[in-house]
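Examination of the molecular architecture
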Amino acid sequence: MRWRFVALSALAVGCAGLELVAGRGMSPGAVWDVLGGGGDATERHIFLQLRLPRMLVALGAGACLAMAGLILQSALRNPLAGPEVTGVTPGAVLGAVTATALGLAGWESPLAVVLAACAGGCAGALLLWLLVGRGGGDPAQTAVHGVLVSAVLGGLTAMVLLVEPGELGSVVQWLVGTTEGRVWEHWHLLWPWALVWGVASWLLTGPLTLLRCGDDIAMSAGLSVRRARTLALMCAVALTAGAVAAVGALGFVGLLVPHLAMAVFGADMRVGLPGAALLGAIVVCGADAAAQLSSRLLAATLDSGRLTLPVGALTACLGAALLLVVVRRTPSRTF
Amino acid sequence: MIAVLTVASVCALCLGTPYVPPHRLVGAVLDGDTTLAGVVVNELRVPRLVLALIAGACLGAAGLVLQEALRNPLAVPEMLGVSSGAALGVAAPLVLTLSLPAAVQPLLALGGAALGGGLTLLAAGLGRSPSAVLLTGAAVAAALQAALLVLMVMADQLDLQLIYRYLLGSLSARTWEDVTGLWPWLLVAAPALVLCAPVLSVMRLGDEDAEALGVRAQRARLVALAIAVVLIAPVTAVCGPVAWVGFLAPHLARWFNSSAGAVRWLPWSAAWGAVVVTVADVPARLALAPVETPAGAWTALLGVPAGIALMRSRRRDRMTEGSRTGTAAVRTLVPGPRTDTPRPDVEAPPAGRRGNGSQEEPGARGTVPLPGETTGTEDPR
């Protein structure tokens, strides 16, 4: 088990390094210069003020989303639960967009955006809860209802965006999820939030492992099922809201990384949760590096400077392919 | 239904700036180009209304075809990737600033829609469990939307507004040209619909029974998908994916005459689709005037909750019926993904809504609104 962590950590560091050297504007050699203390002012600025926070935000957001997804899947005992299909992410997007449109929060005051996203995420989750009913029903049904809830919330978001079209350009990027232009402010906001809720959910890993076994077993082990589930869901919503406020609605990370984590670390959440966080960080950071590299290549081949590939597009495509695999592989068990 | 349709049409024609009182409508239409009201009504509002009716009818019929063919109350174009595929096909040349003749647009939409739908069905292995198909479809749709968003990120700010509006399904500023572009497609789709309707009612019995009756289930399903694509793609090319009409309309049709079969539901579903789009277009035009909201956002907002409510009450109803008449009825009549998990509230009595259905005589479905005799909407800007 320890070796797996070590290997994954090495992978994470590798991805982070790749993220630092990928991207337009400066060559890998220049990065090395800056690391050694040299380089001119522009290069130092690019590296220290743009690339470093971007990498950190990508790592943090990936970890948050993966943890939220794992918590949701365990607490609801639903392999298809994820922030995207339980209405949490669309709700958070709606909250953030609405708050911005109403002037309650601007992109300059990130804390208000986080709080609005949190409220929206809670509302989305609540909506699904009301729709599906207490029992939870069978997993696929819940997922389908979640997609419907997401459609409604997406319609509302569109409405808000069209009434206040001023920021459409930047918001569209954010709708698909991007790490473009994230600076230290975002990171300073993200890490305390992620740390607090990450620790909280880590404290809940024991109960969560029990919840995975089913309500009856958990109850006979002396767990207050309802309270544990509520707390876990709160953690998941808060983590998602933080990540969404930082990088936008990154597709499918929260749905599929937990499956990877379960495959690598097994079903013990005490190991699985940190593992999922690590894996999520790797996936988002790696995807961001790949997106930067490919947009660099595309820009070189197409000879147009305005082409940038948002990381969310890459994770969505990747995630869609993975979801197909998951759906196909487990026909009898899950569906 | 006719009353609702009439009210919505008159609203669509009268309201807005300039306001044309109902009693002067006929005069305005006859006046033609001579007065301001005449121009507005003839050139803007009438085509818009006609387009709303046609688009709604197409989407409603396509939704019913898909739902019946896949035996799945949630199989709607949006969740099968058909709509997003078509939208991608239309938006791509817009963003990449390729100049294409207008006639090619429906073809592109057709290609995109076929791609999305085919991909979903192939990936889901055709007739597997309904939820598997839906989740695969959601994945495909998400991937296609990601591609769309990449395109949007590349677009200029000005194009972006336009594309975003289009992607949500908007009927604003459509003229007679857009309407006439739809006719050839309708001519292809309508006979196909008539031909496939009986097959659909056989498909309802389940694959095995259908094959016993001489229907090749897989092939029929593919044909149904093809028809749905032909219906949806041209509409999407003109007014964007007006969301969730294909979900709501068939459920409305079933709600009002629950005892009928697929053949009878088909025209009803088309009619209800037309009603839904027309009704949704009125708030889209007026709710937040002078800003125009896309009709698709309204249909999504109102359609999904309404559709879910209908589906639930209907399922409950069917469950009770099934538990009385025998298990076979449950298996064949309840296509919902929940078939095998009876809800605890099964013992609720069948709602007294049968009465609603019987009020609508079967003959009334001949009143699928003819585009020519109704009237349209649009404000001059």
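In the annotation of an unreviewed UniProt entry, the entry for chain A reads FecCD family ABC transporter permease, and the organism field reads Streptomyces atroolivaceus. Taken directly from UniProt, the Sequence similarities (unreviewed entry) text for chain A runs: "Belongs to the binding-protein-dependent transport system permease family. FecCD subfamily." Check the Subcellular location (unreviewed entry) section of the UniProt entry for chain A; it says "Cell membrane".

What to know about the overall build of chain B
Regarding its fold elements, chain B presents 15 helices and zero strands. The buried share of chain B, taken over its 381 residues, is 52%. Counting only contacts in chain B whose residues sit at least 6 apart along the sequence, the fraction spanning at least 24 positions is 78%.

Describing the overall build of chain A
Within chain A, the secondary structure is distributed over 15 helices and zero strands. For chain A, buried positions account for 54% of its 335 residues. Looking at chain A alone, contacts between residues at least 24 apart form 78% of all its contacts between residues at least 6 apart.

Concerning the nonpolar core
Soluble globular proteins tend to pack their nonpolar side chains together in the buried interior. Counting residues in hydrophobic clusters, the biggest one holds 231 residues, and the most contacted among them are Ala-61, Ala-66 and Met-67 of chain A together with Ala-228 and Ile-232 of chain B. Counting residues per element, this core draws most heavily on helix α3 (residues 36-69) of chain B, at 20 residues. Filtering out sequence-adjacent residues up to four positions away, Ala-61 of chain A remains in contact with Leu-190, Ala-243, Ala-246, Val-247, Leu-250 and Val-284 of chain A.

Quick look at the UniProt feature "transmembrane region" (unreviewed entry) in chain A
All names here are of chain A. Following the UniProt record, the feature "transmembrane region" (unreviewed entry) maps to residues 52-73, 85-105, 111-132, 144-163, 190-211, 231-256 and 307-327 here. Secondary structure across residues 52-73 comprises 100% helix and 0% strand; the distance between its end C-alpha atoms is 32 Å. Regarding residues 231-256, the helix share stands at 81% and the strand share at 0%, and the terminal C-alpha atoms are separated by 22 Å.

Points about the packing of helix α3 (residues 41-76) of chain A against helix α9 (residues 205-212) of chain A
Residues and elements named next belong to chain A. Contact geometry for α3 and α9: axes closest at 7 Å, N-to-C directions at 50°. The orientation of α3 relative to α9 falls into the category oblique. The segment α3 lies against α9, with Ile-71, Ser-74 and Ala-75 engaging Leu-208, Leu-211 and Arg-212. When the residues that make up the contact of α3 with α9 are grouped by side-chain class, the tally is four nonpolar, one polar and one charged.

Observations regarding the confidence of the model for chain A
Residue and element names in this part refer to chain A. Per-residue pLDDT for chain A averages 81, and the proportion of residues at 70 or more is 89%. Across chain A, the element-wise mean pLDDT spans from 44 in helix α15 (residues 331-334) up to 89 in helix α8 (residues 184-203). When the criterion is pLDDT under 50, residues 331-335 qualifies, and its contacts beyond four places in sequence or with other chains add up to nine contacts.

Quick notes on the environment of Thr-98 of chain A
Tracing the sequence through the fold places Thr-98 of chain A in helix α4 (residues 88-102). The sequence separation of Thr-98 of chain A and Leu-161 of chain A amounts to 63 residues, and the corresponding C-alpha distance is 8.4 Å.

Some remarks on α9 of chain A
Burial in α9 of chain A covers these residues: Thr-205, Pro-207, Leu-208, Leu-210 and Leu-211 of chain A. Phi turns positive, to about 115°, at Gly-214 of chain A, one or two residues after α9 of chain A.

Concerning the confidence of the model for chain B
Residues and elements named next belong to chain B. Summing up the model confidence of chain B, the mean pLDDT is 72 and the portion of residues at 70 or higher is 73%. Least confident of the elements in chain B is helix α14 (residues 327-333), whose mean pLDDT is 38; most confident is helix α11 (residues 245-256), at 85. Per-residue pLDDT stays below 50 along residues 322-381; that stretch engages in 99 contacts with residues further than four places along the chain or on separate chains. In the predicted complex, the global pTM is 0.75; the interface-specific ipTM is 0.72.

Here's the deal with the environment of Val-284 of chain A
Residue and element names in this part refer to chain A. Structurally, Val-284 can be placed in helix α13 (residues 269-302). Put simply, Val-284 and Leu-260 are 24 residues apart on the chain and 14 Å apart in space, counted from C-alpha to C-alpha. If sequence neighbours within four positions are ignored, Val-284 has contacts with Ala-58, Ala-61, Gly-62, Leu-250, Val-253, Val-311 and Thr-315.

Some remarks on the packing of α11 of chain B against helix α12 (residues 262-286) of chain B
Residue and element names in this part refer to chain B. Close contact between α11 and α12 brings their axes to 8 Å; oriented N to C, the two are set at 125°. Relative to α12, α11 is oriented oblique. Where α11 crosses over α12, the two elements pack in a sense that is right-handed. Contacts from Val-245, Leu-248, Ala-249, Pro-250, Leu-252, Ala-253, Arg-254 and Phe-256 of α11 reach α12 at Trp-265, Trp-268, Ser-269, Trp-272, Gly-273, Val-276 and Val-277. Broken down by class, the residue content of the contact of α11 with α12 amounts to twelve nonpolar, two polar and one charged.

Some remarks on α4 of chain A
Residues and elements named next belong to chain A. When the terminal C-alpha atoms of α4 are compared, their 21 Å separation across 15 residues agrees well with the 21 Å that a helix rising 1.5 Å per residue should span. Of all 15 residues in α4, 13 are buried, a share of seventy percent or more. Trailing α4 by a residue or two, Gly-103 shows a phi angle of about 85°, which is positive.

Examining the environment of Gly-121 of chain A
All names here are of chain A. Note on placement: Gly-121 falls in helix α5 (residues 110-132). Among the residues examined, Gly-121 registers 32 C-beta atoms within 10 Å and is labelled buried. Here the alpha-carbon distance between Gly-121 and Asp-216, two residues 95 residues apart in the chain, equals 29 Å. When near neighbours in sequence (up to four residues on either side) are disregarded, Gly-121 contacts Val-88, Gly-91, Ala-92, Gly-95, Val-237, Thr-240 and Ala-241.

Rules of the game
- Once a new chain begins, its residue numbering starts again from 1 and follows that chain's sequence as written.
- Written order determines the labels here, with chains lettered from A and ligands numbered from 1.
- pLDDT decides what is reported in this predicted model: residues at 70 or higher carry local features, side-chain atom pairs at 80 or more are listed and counted, and totals for whole chains, interfaces and linings draw on all residues regardless.
- UniProt positions are given in the numbering used here, feature names are shortened, and annotations may be inferred rather than shown by experiment.
- Think of it this way: any DSSP run of H or I at least four residues long counts as a helix, any run of E at least two long counts as a strand, and we number them from the N terminus.
- Comment: burial labels come from other C-beta atoms within 10 Å of the residue's own C-beta, placed from the backbone, where a count of 20 or more is buried, 12 or fewer is exposed, and between is partly exposed.
- Residues are defined as contacting one another if the C-beta atoms placed from their backbone atoms lie within 7 Å.
- The term nonpolar core refers to a group of buried residues, namely Ala, Val, Leu, Ile, Met, Phe, Trp, Tyr and Cys, whose C-beta atoms join them within 7 Å.
- Helix axes use the C-alpha atoms of the stretch in contact, all axes being lines fitted to C-alpha atoms, and the angles between their N-to-C directions lie in the range 0 to 180 degrees.
- Any angle that is under 35 degrees is reported as roughly parallel, and any over 145 degrees as roughly antiparallel; angles of 65 to 115 degrees are reported as roughly perpendicular and all others as oblique.
- Residue polarity follows a fixed list, in which Ala, Val, Leu, Ile, Met, Phe, Trp, Tyr, Cys and Pro are nonpolar, Asp, Glu, Lys and Arg are charged, and the others, Gly among them, are polar.
- Scored from 0 to 100, pLDDT records how confident the predictor is in each individual residue.
- Throughout, a crossing is termed right-handed when the near helix is turned clockwise from the far one, and left-handed when it is turned anticlockwise from it by less than a right angle.
- Given the number of residues in a helix, its expected span is that number minus one, multiplied by 1.5 Å.

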